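Close look at the chain arrangement
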Amino acid sequence: MKTVEAQINLSNLKYNVELIGRSLPAHSRIYAVLKADAYGHNSVHCARALKHIAYGYAVARLEEAVELREAGIDKPILMLGGFFRSEDLQTIARYRIEVTVHSDWQIEALRNFHADNEIKVWLQVNIGMQRLGFNYEDIKPALAALNEISCVAKPVGAISHLSCADDISTQEYNRLQLAAWHRMTDDWDGELSLFNSAACAYFPEDATDYVRIGITQYGISPTLGKCGSDFGLKPVMTLSSELVAIRELHPGDAVGYGASWVCKKPTKLGIVAIGYADGYPRAVPNGTPVEINGRVVKTAGHVCMDMMFVDLGGDSNDRIGDRVYLWGTDLVKVETIAEAVNTIPYELVCHLSDRVRYTYTGDTED
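Since the structure is predicted, the reported quantities are computational estimates derived from the model, not experimental observations. (Residues numbered from 1 in each chain as written. Predicted model: local features only at pLDDT ≥ 70, side-chain atom pairs only at ≥ 80, totals over all residues. Heavy atoms only, no water.)

Moving on to the pattern of salt bridges. Enumeration according to the criterion identifies nine salt bridges in this entry. We note a salt bridge from Asp74 to Arg96, for which the minimum N-O separation is 2.8 Å. Taken together, the residues span a long stretch of sequence, with Asp74 in the loop between helix H4 (62–70) and strand E4 (77–79) and Arg96 in the loop between helix H5 (88–94) and strand E5 (98–101) at a distance of 22 residues. Residue class for Asp74 comes out exposed when judged on its relative accessible area of 56%. A salt bridge links Glu191 to Lys120, with the shortest nitrogen-to-oxygen separation between them at 2.6 Å. With a gap of 71 residues between them, Glu191 in the loop between helix H8 (171–185) and strand E8 (192–193) and Lys120 in the loop between helix H6 (104–111) and strand E6 (121–124) connect regions that are remote in the sequence. On the basis of relative accessible area, Glu191 is assigned to the partly exposed category, the value being 27%. (Salt bridge = Lys/Arg side-chain N within 4 Å of Asp/Glu carboxyl O. Helix = DSSP H or I, 4+ residues; strand = E, 2+ residues; numbered from the N terminus. Buried < 20%, exposed > 50% of the residue type's maximum accessible area, 1.4 Å probe, protein only.)

Rendered as structure tokens:
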């Protein structure tokens, strides 16, 4: 039986998306972003939970879209990365998947493709991130070419991405990107999609027709230095394991690989059944918070492949089998763990391994 558990609270997921939706203009519709298996939360379960709340779903890859369709998900599905091969268009048409178009070769592939049903296309424009999309001077010919293709649904939408909306210190660049967006799309006939989680959090009143809610729907802050609770969000994932051993330590006792933590006073050392092979980061420093029995204790020594150490304190009454929470509680937040290892929460929730048992609370289809 798997010891490490990621509990996914689908009621909190729905709460978060409804909370975000209430802050948006009435005309804005939500694509719930379910790429990377819903940021490690399970895309099918999340899609079913949000079926009465989200307008549609956004994924990155074709296989992610197909998985949702084959699970019976019938809402619009937008493939944010577009298609990578011409032969993918047959599957895209069959499963009624919306796609972004960001390159001339994709337009040519669509021109040579014949389908029984039209494909909804979003023309991706580059407003400064330099990842994907047509530059300003290339937009008109690209749009004209798409409008001539019979299998492309009309009107064509426009889509882009704000690369710095999560950083309040880069407001000037945000303004430049917004100005570029308006220059490219103010006379656009089709639907528009620009806002991501951070944009919806910081300037929701300016939201586009369609917004793409990613990290915040999972109760996680889109901004470094803040937690989801700062925005009124509730964590969706709680990661936990069990205390499997307790050792009495004396001053001078060294702990773990490299003897990186040395006991300074008598204490009890807890051994927790989770390690970097489960997805908990090896790089967490000594003193990273962990919750057990309603209090915070600190890590001691390097995280091992299958286990980790925590300093329970000399007076602790913890017992083998007690549940230990690594993130997703009021006392231990995933944002705190991410900051401790100089990464972002996205990486942590996406990197849990298949050794982790997933459980779900909250109705999935009410």
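Tallying each qualifying case throughout the model produces zero disulfides. Cys263 takes part in no disulfide bond, and the closest cysteine sulfur to it belongs to Cys304, at a distance of 17 Å. (Disulfide = S-S within 2.5 Å.)

The α-helix advances 3.6 residues per turn, and as a result positions three or four apart in sequence lie on the same side. Taken residue by residue, H4 has Leu62, Glu64, Ala65, Val66, Leu68 and Arg69 as its buried positions. At its buried positions, H4 is contacted by helix H2 (35–40), helix H3 (43–49), strand E3 (56–59), E4 and H5. Gly72 occupies a position one or two residues after H4 and carries a positive phi of about 95°. (Contact = heavy atoms within 4.5 Å.)

Note that Leu348 resides in helix H11 (residues 345–350). In the structure, Leu348 is positioned ten residues away from Ala338 in sequence and 7.0 Å away in space, judged by C-alpha atoms.

A word on the side chain of Ser240. Here Ser240 lies in strand E10 (residues 237–249). Overall, the relative accessible area of 2% leaves Ser240 in the buried class. Of the polar contacts made by the side chain of Ser240, one reaches the side chain of Arg323; its length is 3.0 Å. Once you skip the residues sitting within four places of it in the chain, Ser240 turns out to touch Thr3, Val4, Glu5, Arg323, Val324, Tyr325 and Leu326. (Polar contact = N/O pair within 3.5 Å; in protein donor to acceptor, adjacent residues only side chain to side chain.)

Listed as buried for H6 are Gln106, Ile107, Ala109 and Leu110. All buried residues of H6 project into a common sector of 160° when viewed along the axis, lining one side. Looking at the buried side of H6, the elements it contacts are H5, E5, E6 and helix H7 (136–147). (Arc of directions from axis to C-beta.)

Moving on, we get to the packing of aromatic side chains. Applying the stated rule across the entire model yields eleven aromatic pairs. Aromatic side chains Tyr39 and Tyr346 sit 6.0 Å apart centroid to centroid with 35° between the ring planes, which places their arrangement in the tilted category. Residue Tyr39 is found in helix H2, and its partner Tyr346 is found in helix H11; the two are separated by 307 residues along the sequence. Relative accessible area serves as the criterion here: at 7%, Tyr39 is assigned to the buried category. For Tyr346, a relative accessible area of 28% gives the class partly exposed. Between Phe83 and Trp105 the ring centres are 5.4 Å apart and the planes differ by 80°, which places this aromatic pair in the edge-to-face class. Here Phe83, found in the loop between E4 and H5, pairs with Trp105, found in helix H6; they are 22 residues apart in sequence, far enough to count as distant. Since its relative accessible area comes to 36%, Trp105 is described here as partly exposed. Among the aromatic side chains, those forming a connected cluster through ring pairs are Tyr31, Tyr55, Trp122 and Tyr210. (Phe/Tyr/Trp six-rings, centres within 6.5 Å; stacked < 30°, edge-to-face > 60°.)

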